[in-house]
Amino acid sequence: MYTLYYCPGSASMIVHLALLEIGAEYELKLVDVEKKQQKDPAYLRLNPNGVVPTLVFDNRPYLESAALLMLLSERHPEAGLMPAIGSIEHDQWRQWIVFISTSLQTAFRAWFYPAELGYEEHTEVTRLALQKRIAAIWDQLEQHLSQHGPYLLGDTFSGADLHLTMLMRWSRNMPRTATEWPALNRLAHLIIARPSWQKMVAIEGIDAWPKVTSN
């Protein structure tokens, strides 16, 4: 049994998707970040960083969304969220997850939380710089997917594609959404059609991403 501390639409989405993909027994515990529940002392004992997600199993909490994706993929290899350990594809899979987490997800965190950069609200200069940084990453991913897609690992779906699509959804209210890049848009269509994505949005009560455009 896994217990996922989550907030709808947040970085916990990737862990929720992984749990649905592997078909594991799990329960959800809501952490309402709008009400600052992530700062409650009881939750901080599980996650001293005061963020979601937190995944608990065997009476131990585990943190960091990308690490949790890799952990679940490795604990349940039969689910096909990762290539076989020792393969070149597995090395590429791990590389993509780290890249997505450290470059794209970190940039989005700066976009959504200006206080972490020392601002009450972003200045126009900072806002434009972050938009440019995120767009440059979309450019890089677009080039790779257009040449080697439709998935990050070519013809093979993996958990890295779930991770990337979660972050594409985060761009939906930005001046330029990720789905304006054709190959990224194609990947988004493939992922949101998966049963795990459909079930996740229904359970979490979030929108079905209506701004994804057709190819």
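Refer to the structure printed above.
Residues numbered from 1 in each chain as written. Predicted model: local features only at pLDDT ≥ 70, side-chain atom pairs only at ≥ 80, totals over all residues. Heavy atoms only, no water.

Quick look at helix α5 (residues 124-148)
Phase 1 of the analysis: Compared with the 36 Å implied by 1.5 Å per residue over 25 residues, the 36 Å span of α5 between its first and last C-alpha is a close match.
Phase 2 of the analysis: Looking only at α5, the buried set comprises Thr126, Leu130, Gln131, Ile134, Ile137, Trp138, Leu141, Glu142, His144 and Leu145.
Phase 3 of the analysis: At its buried positions, α5 is contacted by α4 (88-112), α6 (159-170) and α7 (182-192). (Helix = DSSP H or I, 4+ residues; strand = E, 2+ residues; numbered from the N terminus. Expected span 1.5 Å × (residues − 1). Buried < 20%, exposed > 50% of the residue type's maximum accessible area, 1.4 Å probe, protein only. Contact = heavy atoms within 4.5 Å.)

Let's talk about the environment of Asp40
Phase 1 of the analysis: Tracing the sequence through the fold places Asp40 in the loop between β2 (26-30) and α2 (41-46).
Phase 2 of the analysis: Between the C-alpha atom of Asp40 and that of Ala67, which follows or precedes it by 27 residues, the distance is 23 Å.

As for the packing of aromatic side chains
How two aromatic rings sit relative to each other is given by the distance of their centres and the angle of their planes.
Phase 1 of the analysis: Using the criterion set out here, one finds eleven aromatic pairs in the structure.
Phase 2 of the analysis: Here the aromatic rings of Phe57 and Tyr62 are separated by 4.6 Å at their centres, their planes lie at 15°, and the arrangement is stacked.
Phase 3 of the analysis: Exposure remark for Phe57: the relative accessible area of 5% places this residue in the buried category.
Phase 4 of the analysis: Plain terms: the ring middles of Phe112 and Trp170 are 6.0 Å apart, the flat faces sit at 80° to each other, and that makes the pair edge-to-face. One end of the pair, Phe112, is in helix α4; the other, Trp170, is in helix α6, with 58 residues separating them in the sequence.
Phase 5 of the analysis: For Phe112, a relative accessible area of 41% puts it in the partly exposed group.
Phase 6 of the analysis: Accessibility expressed as a relative area gives 11% for Trp170, which makes it buried.
Phase 7 of the analysis: Connected via pairs of aromatic rings, a cluster forms that spans Phe108, Phe112, Trp138, Trp170 and Trp181.
Phase 8 of the analysis: When the ring centre of Trp181 is taken as reference, the NZ or CZ atom of Arg176 above it lies at 3.7 Å. (Phe/Tyr/Trp six-rings, centres within 6.5 Å; stacked < 30°, edge-to-face > 60°. Lys NZ or Arg CZ within 6 Å of the ring centre and 35° of its normal.)

As for the sheet that holds strand β1 (residues 2-6)
Phase 1 of the analysis: As summarised here, the arrangement of the four strands in space is β2-β1-β3-β4, forming an open sheet in which the pairing is mixed. Looking at which strands have only one partner, the edges of the open sheet turn out to be β2 and β4 (60-63). On average, each strand axis in the sheet is tilted by 25° relative to the strand beside it, whichever way the strands run.
Phase 2 of the analysis: With five bridges joining them, β1 and β2 adopt parallel strand pairing. Bridging from a neighbouring strand, Tyr2 pairs with Tyr26 of β2.
Phase 3 of the analysis: Each of β1, β3 (54-57) and β4 touches helix α3 (residues 65-75); the most contacted strand, β4, lies at about 120° to it. (Pairing = 2+ DSSP bridges. Axes fitted to C-alpha atoms, helices over the stretch in contact; angles between N-to-C directions.)

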